[in-house]
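Remarks on the overall topology
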Amino acid sequence: MPLSLATSIDAVEAADWNRCAGGGNPFEQHGFYAALERSGSAAADTGWQPAHLLLSGSENAPPDAIMPAYVKSHSRGEYVFDHGWAEAFERAGGRYYPKLQLAFPFTPATGRRFMGGTPEDAAMLISGAEAVCRQHGLSSAHATFLPAAQRDAFERAGWLLRSGEQFHWFNRDYRDFDDFLSALSSRKRKAIRKERAGAAAHGLDIVQLEGRAITEDDWDAFWDFYQDTGARKWGTPYLTRACFSLLSELIPDRLIMFLARHQGEPIAGALNLLGDDCLYGRYWGALADVPFLHFELCYYRAIDLAIERGLARVEAGAQGPHKLARGYEPVKTYSAHWIANPGLRAAIGDYLEQEREMVDADVAALSRHTPFKRG
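Because the structure is a prediction, the values reported are computed rather than measured. (Residues numbered from 1 in each chain as written. Predicted model: local features only at pLDDT ≥ 70, side-chain atom pairs only at ≥ 80, totals over all residues. Heavy atoms only, no water.)

**Looking at the side chain of H74**
What counts here: Secondary structure elements are defined from DSSP: runs of H or I of at least 4 residues count as helices, runs of E of at least 2 residues count as strands, and each element is numbered from the N terminus. Relative accessibility thresholds used throughout: buried, under 20% of the residue-type maximum; exposed, over 50%; partly exposed, between the two (1.4 Å probe, protein chains only). Nitrogen and oxygen atoms within 3.5 Å of one another constitute a polar contact, given that in protein one can donate a hydrogen and the other can accept it, and given that sequence-neighbouring residues count only through two side-chain atoms. Any two residues whose heavy atoms approach within 4.5 Å are treated as being in contact.
By secondary structure assignment, the location of H74 is in the loop between β5 (70-72) and α3 (83-91). For H74, a relative accessible area of 9% translates into the label buried. Among the polar contacts listed, one links the side chain of H74 to the backbone nitrogen of R76, at a separation of 3.1 Å. Ignoring any residue separated from it by four or fewer positions in sequence, one finds H74 in contact with T46, G47, W48, Y97 and K99.

Have a look at this one:
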């Protein structure tokens, strides 16, 4: 079966891509990749050269299976950190970059790294990723935030497995937010009510905007929030302003923004993407310091919406043990790594074995400290 490499999302028709992707995860959609690539956010100039692997039944036929991929010249915007691996390899005289990244750019959300096709097609795509590395002198390939079902395919191919940790909120058929609170211990329940009351005490107008109801003025305000957060956390924001407008054009039905206004002026916002069974919290920012507003916009409003729409969970992004007290539970995340150099592979394999044990212990310990009632 012909295996080809697309150096732009626009080399693949949106309908053909989405036929492989299905509709469940917004980050798997053609429109998401197109917004990032066309806006210059995920591009060769920013160290994200598209290199999507396409598997077709015959030459010039639409793809039957797809593996979205990027050739990276750095390790920023990935949220599964391998900077130490790169530094160690380069101190030993190796060259770690460029490498191949199988991921949603700038997005620490679990999703499929191969889409469509059969298990045999998946094995061929994984072999194809290894071949791309060998043919182009790439040091390694990294499939990050894997669903458990796909983790096994990479393990069978001999890739090294890595565990990580996030915090997700799970909907246990709650009728409303108070029903969710009733599942918590009294102390935690009171703390959350106090935080929500605190956020509401500042006379803010908090609105929920969806799809095409998000105007360019709203995006301008959100861009200011996003820049402020990015400048404080990682220096230079990853996305361009044009990316938000393109998201609004290409996947409007997936976008939900919680916007806080003071006397009519936007002062803070949180952007979420909507999946079939999950709400994905992505970006937050504020130009005013309002106590508890971050928790209200990013966590509690997301829970409200998930309950209202019967969504199974909320994924609130990377980091955040502080989410534990607000009803978000620790879960393991997975990635898989192919390393060309045998010595580097052996060293990383030893490290990952120890790291997995630490992650298991940490998740187990945190699970004993969730705010839910015992028993």
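**With respect to the pairing of strand β4 (residues 63-67)**
Put simply, the rule is: For two strands to pair, DSSP has to find at least two bridges joining them.
Counting buried positions along β4 yields four of five residues, so the element is predominantly enclosed. Across four bridges, strand β3 (residues 52-56) lies against β4 in antiparallel orientation. Opposite L55, over in β4, you have A65 as the bridge partner. The pairing of β4 with strand β7 (residues 115-116) spans two bridges and is antiparallel. Considered in β7, the bridge of A65 is made with G116.

**Observations regarding the packing of aromatic side chains**
As a reminder of what qualifies: Any two of the Phe, Tyr and Trp rings considered here, Trp counted by its six-membered ring, make a pair once their centres fall within 6.5 Å; the pair's planes then place it as stacked at under 30 degrees, edge-to-face at over 60, or tilted in between.
By the definition in use, this model includes 29 aromatic pairs. Pairing F114 with F154 gives two aromatic rings, centres 5.9 Å apart and planes at 35°, and the pair type is tilted. Taken as a pair, F114 in the loop between β6 (99-102) and β7 and F154 in helix α5 (residues 148-156) lie far apart in primary sequence, 40 residues in all. Comparing F114 with F154 shows no difference in burial state: the two are buried. Pairing F177 with Y300 gives two aromatic rings, centres 5.9 Å apart and planes at 80°, and the pair type is edge-to-face. Here F177, found in helix α6 (residues 177-181), pairs with Y300, found in helix α10 (residues 293-309); they are 123 residues apart in sequence, far enough to count as distant.

**Considering the sheet that holds β3**
In spatial order, the strands read β1-β3-β4-β7; together these four strands make up an open sheet with antiparallel pairing. Unpaired on one side and paired on the other, β1 (3-6) and β7 mark the two borders of the sheet. In the sheet, β1 pairs with β3 via four bridges, with the strands oriented antiparallel. Counted as the bridge partner of L3 is L55 from β3.

**A look at the pairing of strand β11 (residues 255-262)**
When you tally the buried positions in β11, you get six out of eight residues, the bulk of the element. Summarising the sheet, strand β10 (residues 205-210) and β11 pair through six bridges and their orientation is antiparallel. Bridge pairing links E210 to I256 in β11. Pairing analysis gives eight bridges linking β11 to strand β12 (residues 265-274), with the strands arranged antiparallel. Paired with H262 across the two strands is E265, which belongs to β12. Linking two consecutive strands that pair antiparallel, namely β11 and β12, is a turn of two residues; a positive phi of about 50° is found at Q263 within it.

**Brief notes about the environment of D45**
Tracing the backbone through its elements, the reader meets D45 in the loop between α2 (30-38) and β2 (48-50). In sequence terms D45 and I303 are 258 residues apart; their C-alpha atoms lie 38 Å from each other.

**Overview of the environment of R196**
With respect to the secondary-structure elements, R196 resides in helix α7 (residues 186-200). On a C-alpha basis, the gap between R196 and F295 in space is 8.1 Å, while along the polypeptide they are 99 residues apart. Ignoring anything within four residues of it in the chain, the contact list for R196 reads F177, E296, Y300, R301 and D304. A distance of 2.8 Å separates polar atoms of two side chains, one belonging to R196 and the other to D304.

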